[in-house]
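Here is how the chains run, residue by residue.
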Amino acid sequence: MIQTLIPPPIEAPAQPHGPLKGRLGWALTPRALVLLAAGCLLAIPAFFHPRWIVAMLAWDAFILALAILDAALLPSPAALTAGRRFEESPVLGQPTRITLSVTHAAHRILELRLTDALHPHLDPLPATHTLQAFPRDPAQLGFTITPNTRGDVALGRIFLRYRGSLHLAERWAVADLAQNVRIYPPLERSPEDSALYLLRIRQIALQKRRLRLRGVGREFESLREYQRGDELRNVSWTATARRAKVITREFTTERSQQVWIVLDAGRLSRTAFELRPTRSGSTETTQTSEESLTLSLTQLDQASGAAIALAQTVMQAGDKAALLVYGRRIQQQLPPASGPAHLRQFIDSLAQIRPESAEAAHLAAAARLKHLQRRRSLVLWITELADTARRPEVVDAAADLARRHLVLLVLLVHPELDTLARHEPSSVEAMFHSAAAVEILERRREMVARLRALGVLVVETSAGSMQTAAINEYLEIKAKGLI
């Protein structure tokens, strides 16, 4: 289970707010205005009998007196304390529960209306909630939001409007609950998948313990006497000097590898698709409610979720996970490490990445990775091939890395291109569309074949299934002992 940080609860006293701030400090409610307007109806019989004017004025004065009394019994905003608490960590596309609380020291029951000015990335249209607050007893209400964008967001104030028992007067107040909240990438690995991956990892570990391939890899195993055919670079000269005979080092396959997870945050990662998250307890079936629940995810959002699942699997397999996210510049980088603290740092880094509008600098990212990682390692690179007349830069970058590292390219595909290429055109325009799709796919096949010829492993998958495809390929590489 991945543990993320829950934003801390926050409380603040309320302050006067609204157009009447610094004047009366309160306002008439719609009920009071309706009753005053009802008194004006007495002006109709006053055309015939002037004494009805006195009755109208007496009625309005009576309603105003009640409103003043109702306002006088209302506590001042300083007597109210409002708070906000997140019940779980905000995660992109997943329902998050928020609890608002109000405490007051007045000697009466208050009916409050609260509006939390949440960031649009958390809730595009903040709702107004009604709450009854008893004296010195914290009143709480909960509501659910669905974050729609990763990253850090700033939360603002809570606006309060509260009325007396007569509902003739109300006060306006505001509580400054400013805090920064981090929205994490989607963590979608199910318990069933986790159990399956763990079983596969244990099988691979058992297989390696049985084989223990000596002479392969660069992890030190033991010392032995030099034999004809041994490489001179493996001779241990210090042991040779101590024993007065030539001693060589024995190596075995590395049990703990370094795995770099590389994400392309260039313009192609901005491609979006729609997702409709389900809210627990919701029974809305109208078209309006369905549209309001539609969530737009980018390819980078899906890649971030896949990277988290990959890092978790890599660490469970005993390897060390590293991160490199780049666009025109390097956005995030983490050195190889393992453990819960490193995984939390991994998630925090992925929460802050953003897709860029320009083409990513693939060669610059490859050069940075070669500088950071001298030892041979596995590079899991999630990217997409740009459809250009020239050879995409990512092909040259992957080929350059493959000279030292084992590179696995996870290429995102668009199934609609295959559908368009197979579709029988019914018009001239459809024929041109189909021909363009066939040309794009053919050019892509040539690029993939060239990459494989250069020693680069390639997995083609859709955005929705990249997580499963990348993890399965990593475990396959692990089982074959390619790194």
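Attention in this report is confined to the structure presented alongside it. (Residues numbered from 1 in each chain as written. Predicted model: local features only at pLDDT ≥ 70, side-chain atom pairs only at ≥ 80, totals over all residues. Heavy atoms only, no water.)

Unlike most non-glycine residues, Arg136 shows phi in positive territory, near 55°. Within the secondary structure, Arg136 is located in the loop between β6 (128-133) and β7 (139-145). Backbone geometry at Ala244 places phi at a positive 65°, although glycine is not the residue there. If you trace the backbone, Ala244 turns up in the loop between α5 (237-243) and β11 (247-252). (Helix = DSSP H or I, 4+ residues; strand = E, 2+ residues; numbered from the N terminus.)

Counting residues in each nonpolar core, the largest one holds 43 residues, and the members touching the most others are Leu263, Leu310, Phe346, Leu350, Leu378, Ile382 and Tyr474. For this core, the elements supplying multiple residues, two or more each, are β12 (258-264), α7 (299-316), β15 (320-326), α8 (340-351), β17 (378-383), β18 (406-412) and α13 (466-480). No other element matches the 10 residues that α7 contributes to this core. In this structure, Ile382 is in contact with Val262, Leu263, Asp264, Ala303, Ala306, Leu310, Val410 and Met466, ignoring residues within four places of it in sequence. Counting residues in each nonpolar core, the second largest holds 30 residues, with Leu74, Leu100, Leu110 and Ala139 among its members. (Core = buried A, V, L, I, M, F, W, Y, C linked by side-chain atoms within 4.5 Å. Buried < 20%, exposed > 50% of the residue type's maximum accessible area, 1.4 Å probe, protein only. Contact = heavy atoms within 4.5 Å.)

An α-helix turns once every 3.6 residues. As a result, residues three or four positions apart point the same way. Taking 1.5 Å per residue as the helical rise, α8 with its 12 residues ought to reach 16 Å, and the 17 Å between its terminal C-alpha atoms agrees with that figure. When α8 is considered as a whole, its buried residues turn out to be His342, Leu343, Phe346, Ile347, Asp348, Ser349, Leu350 and Ala351. (Expected span 1.5 Å × (residues − 1).)

Attention shifts here to the pairing of β18. By the criterion of burial, β18 is predominantly enclosed, with seven of the seven residues buried. Burial of the side chains of β18 extends over both faces: Leu406, Leu408, Val410 and Leu412 are buried on one face and Val407, Leu409 and Leu411 on the other. As paired elements, β17 and β18 share six bridges and run parallel to each other. Considered in β18, the bridge of Leu380 is made with Leu408. (Pairing = 2+ DSSP bridges.)

Once that is clear, we can look at a nonpolar patch on the surface. A grouping of Tyr226, Leu232 and Val246 is seen on the molecular surface, where their side chains present a nonpolar patch of about 270 Å² in accessible area. Using a relative accessible area of 37% as the deciding quantity, one classes Val246 as partly exposed. (Patch = residues over 30% accessible without salt bridge, like charges linked within 9 Å, V, L, I, M, F, W, Y side chains within 5 Å. Areas by Shrake-Rupley, 256 points an atom, 1.4 Å probe, with all protein chains shown as cover. Salt bridge = Lys/Arg side-chain N within 4 Å of Asp/Glu carboxyl O.)

The next subject is helix α10 (residues 393-401). The set of residues buried in α10 consists of Val394, Val395, Ala397, Ala398, Ala399 and Leu401. Against the buried residues of α10 lie α9 (362-372), β17, β18 and α12 (428-453).

What follows covers the packing of α7 against α13. With their axes 9 Å apart at the nearest point, α7 and α13 run at an angle of 30° to one another. Considered as vectors, α7 and α13 are oriented roughly parallel to each other. Both α7 and α13 take part in a crossing whose hand is right-handed. Here Gln299, Gln302, Ala303, Gly305, Ala306, Ala309, Leu310, Thr313 and Val314 of α7 come into contact with α13, specifically with Met466, Gln467, Ala470, Ile471, Tyr474 and Leu475. Of the residues in the contact of α7 with α13, the class split is 10 nonpolar, five polar and no charged. (Axes fitted to C-alpha atoms, helices over the stretch in contact; angles between N-to-C directions. Parallel < 35°, antiparallel > 145°, perpendicular 65-115°, else oblique. Left-handed = near helix turned anticlockwise from the far one by under 90°. Nonpolar A, V, L, I, M, F, W, Y, C, P; charged D, E, K, R; others polar.)

Moving on, we get to the pairing of strand β4 (residues 96-104). Most of β4 sits out of view: seven of its nine residues are buried. As defined by bridge partners, strand β3 (residues 80-86) adjoins β4 across seven bridges and the pair is classed as antiparallel. Each residue of the ladder has a partner; that of Thr81, found in β4, is Thr103. Sheet analysis places β4 next to β7, joined by seven bridges and oriented antiparallel. The partner of Thr96 across the bridge, within β7, is Ile145.

Moving on, we get to the side chain of Arg150. Mapped onto the elements of the fold, Arg150 is located in the loop between β7 and β8 (151-163). For Arg150, a relative accessible area of 2% translates into the label buried. Looking at Arg150, its side chain comes within polar contact range of the main-chain oxygen of Ile353, at 2.9 Å. With near-sequence residues (within four places) excluded, Arg150 lies in contact with Leu92, Ile183, Tyr184, Pro185, Leu300, Asp301, Ser304, Leu350, Ala351, Ile353, Arg354 and Pro355. (Polar contact = N/O pair within 3.5 Å; in protein donor to acceptor, adjacent residues only side chain to side chain.)

Among the structural elements, Ala175 can be located in strand β9 (residues 169-183). Expressed as a C-alpha distance, the spacing of Ala175 and Gly156, which sit 19 residues apart in the sequence, is 8.9 Å.

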